[in-house]
Amino acid sequence: MRIGQETDGENGGRDERLGSVTSLGGEDVAVIEVSQLTKRFGAVTAVDELSFEIGSGVVTGFLGPNGAGKTTTLRMLLGLVRPTSGQAMIWGKRYAELGSRRPKVGALLEASGVHPGRTVRDHLRVRCAALGLPRSRVDAALEAAGMSKLAARRAGNLSLGERQRLGLAGALLGDPEVLILDEPGNGLDPAGVSWLRGFLRQLAAEGRTVLVSSHMLAEVAQTADEVIVIDGGRLISHAPVRQLLAGAREVVVVRTPKAVELREALEAEGASVQLIGADRLEIGGPTLEQVATLAAARRLPVFEIGLQAGSLEEAFLQVTSAAGRP
C-alpha cells in the first residue's frame, strides 16, 4: 500500500493513497533540525539547549524518562509552544513559516479533540476542510490507518486503540513527508502494534521522515533506525539502534520454579533481576557461571539457563544512569 500514486481521481488525476515522496528540491538541509532548543516554564527548565538533526528515510525513536521534555520538544517543533531560545526547524524553517507545505507535516500528539457524535468519516472531512485538502484524502487516510470498516461509526463509540488509529488517520490526511508521533502505540492490541511497526517502516522505506516518541522500548528496537535519548531536557545519546544494542550488557536468562527465591538471593548479592512471568528471570551483573553456582548452593532447581543479548531497555538504562539518573 503506497500513499500517492498517479491515477484518475476525484481531485484532478491523483490517486490519494499514500506513496513515495518527491524530491526536496536539492535543499542541503536536515529534514528536522533542533538547535540549542530551550524552554523554561517559570523556574522549571523543560528543555535545555537540546540539539539534534534527522534526515529523510528513517524512523527515529525519541526516548526519555517521564518528564524528560519529549512532548515539549515535539510541541515546539509543531509551533504549539514558543521556545525560550534556540530553534526547532523542519526543512530549514519554523513550522509557522512552512506555508502551503505545512500539510506535508503530519502529527499525532494525543488522540483527543474528536466530537463524540461525529462519525469517523465526518471527523476527517472536517479536518480536511480545516487544512484545505480535498475530501478524497479521507478514504486514503482511512485505508492507510486500517479504519475503512469503521468509517460510519461514531467517534464516541470507538475503543482507545481505534481512537488512536483515527488520530493517525488525521495525521496522514496531507500525504505527509514528515510524521511526528507521540506514543502512537497507546491502546493498540498486539496485532495493532505489529501493524504500526510495519507501517512506519514502510513510510521510511518510501523516503519519509518519522519521529516517534514511545515508552515501548522493545517495539522501538524493532522499528527505529536510530534513537535519540534525552533526560532533564538535555541530549544524552543520538545513535543507531544497533550501536546502542551493541553497548548493552548481556543478561542471564533462567527458568526455574523457584523464581522468587532465586531473585531474592541474587538481589542480596547486588544483581539486577527482572521477574518475567511466573518462572523466568532476566539477570544483569553476574556471569552465567555465578548464577548457576548460587542456584546450586541454595539447592534451587534450574530448568533452563542461558545468555541473551542486551535489550534496548538495558541500553536505555545504561545511558541514562551514566548521565546521572539513579
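Residues numbered from 1 in each chain as written. Predicted model: local features only at pLDDT ≥ 70, side-chain atom pairs only at ≥ 80, totals over all residues. Heavy atoms only, no water.

Asker: How would you explain the overall build of the protein chain if you had to name every residue and give the values?
Answerer: A tally of regular secondary structure across the protein chain gives 10 helices and 13 strands. Here the protein chain, with 326 residues, has 46% of them falling under the buried criterion. Long-range pairs, those at least 24 residues apart, make up 68% of the contacts in the protein chain with a sequence separation of at least 6. When the accessible surface of the protein chain is totalled, it reaches about 15700 Å², and 47% of it is carbon and sulfur. (Helix = DSSP H or I, 4+ residues; strand = E, 2+ residues; numbered from the N terminus. Buried < 20%, exposed > 50% of the residue type's maximum accessible area, 1.4 Å probe, protein only. Contact = heavy atoms within 4.5 Å. Areas by Shrake-Rupley, 256 points an atom, 1.4 Å probe, with all protein chains shown as cover.)

Asker: Go over the confidence of the model for the protein chain, please, and point to the residues and values.
Answerer: When pLDDT is averaged along the protein chain, the result is 88, and 89% of the positions lie at 70 or above. Low confidence marks residues 4–28, where pLDDT is under 50. Its contacts with residues over four positions away, or in another chain, come to 62 contacts. (pLDDT = per-residue confidence, 0-100.)

Asker: How would you explain the pattern of salt bridges if you had to name every residue and give the values?
Answerer: Counted by the stated rule, this structure contains 13 salt bridges. Here Arg 101 makes a salt bridge to Glu 177, at a shortest N to O gap of 3.3 Å. Residue Arg 101 is found in the loop between strand S4 (85–90) and strand S5 (105–108), and its partner Glu 177 is found in the loop between helix H4 (160–171) and strand S6 (178–182); the two are separated by 76 residues along the sequence. Among the residues examined, Arg 101 registers a relative accessible area of 22% and is labelled partly exposed. With relative accessibility at 10%, the residue Glu 177 sits in the buried group. Among the ionic pairs, Arg 255 bridges to Glu 304, the shortest N-O distance being 3.2 Å. Separated by 49 residues along the polypeptide, Arg 255 in strand S10 (residues 251–255) and Glu 304 in strand S13 (residues 304–308) bring together distant segments of the chain. (Salt bridge = Lys/Arg side-chain N within 4 Å of Asp/Glu carboxyl O.)

Asker: So what's going on with the sheet that holds S13? Residues and values would help.
Answerer: Sheet architecture is open: 4 strands sit in the order S11-S12-S10-S13, paired in antiparallel fashion. Each edge of the sheet is formed by a strand with only one pairing partner; in this case those strands are strand S11 (272–276) and S13. With strand direction ignored, the average angle separating the axes of adjacent strands in the sheet is 20°. Judged from the 5 bridges that link them, S10 and S13 form a sheet pairing that is antiparallel. Residue pairing across strands places Arg 255 opposite Glu 304, the latter belonging to S13. Against the sheet, helix H9 (residues 288–297) touches S10, strand S12 (280–284) and S13, its axis set at about 155° to S13. (Pairing = 2+ DSSP bridges. Axes fitted to C-alpha atoms, helices over the stretch in contact; angles between N-to-C directions.)

Asker: Go over the nonpolar core with me, naming the residues and quoting the values.
Answerer: Among the nonpolar cores identified, the biggest contains 47 residues, and Leu 63, Met 147, Leu 168, Leu 179 and Leu 200 are the most heavily contacted of them. Broken down by element, this core gets its largest block of residues, 6 residues, from helix H5 (residues 190–205). With sequence-adjacent residues up to four places away left out, Leu 179 is seen in contact with Gly 106, Ala 107, Leu 168, Ala 171, Leu 172, Leu 200, Leu 203, Thr 209, Val 210 and Leu 211. Of all hydrophobic cores here, the second largest spans 29 residues; its members include Val 47, Leu 74, Val 105 and Ile 180. (Core = buried A, V, L, I, M, F, W, Y, C linked by side-chain atoms within 4.5 Å.)

Asker: Provide a residue-level description of the sheet that holds S5, including the pertinent values.
Answerer: Pairing between the strands of a sheet comes from backbone hydrogen bonds, and it takes one of two forms, parallel or antiparallel. With mixed pairing, the 6 strands of this open sheet are ordered in space as S5-S6-S7-S3-S8-S9. Of all strands in the sheet, those bounded by a partner on one side alone are S5 and strand S9 (234–240). Along the sheet, successive strands turn relative to each other by an average axial angle of 15°, direction set aside. Pairing of strand S8 (residues 226–231) with S9, which is carried by 6 bridges, proceeds in the antiparallel orientation.

Asker: Kindly report on the packing of helix H8 (residues 259–268) against H9, identifying the contributing residues and their values.
Answerer: At a minimum axis separation of 11 Å, H8 and H9 run at an interaxial angle of 120°. Relative to H9, H8 is oriented so that their crossing is right-handed. Judged by residue contacts, Leu 262, Ala 265 and Leu 266 of H8 engage Val 291, Leu 294 and Ala 295 from H9. The residue makeup of the contact of H8 with H9, split by class, is 6 nonpolar, no polar and no charged. (Left-handed = near helix turned anticlockwise from the far one by under 90°. Nonpolar A, V, L, I, M, F, W, Y, C, P; charged D, E, K, R; others polar.)

Asker: Go over the packing of helix H2 (residues 120–131) against helix H3 (residues 136–144) with me, naming the residues and quoting the values.
Answerer: In contact at an axis separation of 9 Å, H2 and H3 are set at 125° when each is read in the N-to-C sense. On the basis of their axis angle, the class for H2 and H3 is oblique. Judged by the sense of rotation from one axis to the other, the crossing of H2 with H3 is right-handed. Along its contact with H2, which presents Val 120, Arg 121, Leu 124, Arg 125 and Cys 128, the element H3 presents Arg 137, Val 138, Asp 139 and Leu 142. In terms of residue class, the contact of H2 with H3 is built from 5 nonpolar, no polar and 4 charged. (Parallel < 35°, antiparallel > 145°, perpendicular 65-115°, else oblique.)

Asker: Give me the lowdown on the pairing of strand S7 (residues 209–213), citing residues and values where you can.
Answerer: Across the 5 residues that make up S7, a large majority, 5, are buried. Neither face of S7 is open: one carries Thr 209, Leu 211 and Ser 213, the other Val 210 and Val 212, and all of them are buried. Judged from the 5 bridges that link them, strand S3 (residues 58–63) and S7 form a sheet pairing that is parallel. Across the sheet, the residue bridging to Val 59 is Val 210, located in S7. In this sheet, S7 lies alongside S6 in parallel orientation, the contact comprising 5 bridges. Within the sheet, the bridge partner assigned to Ile 180 lies in S7 and is Leu 211. With respect to chirality, the unit in which S6 leads through H5 into the neighbouring parallel S7 is right-handed. (Right-handed = clockwise from strand over helix to strand, strands pointing away.)

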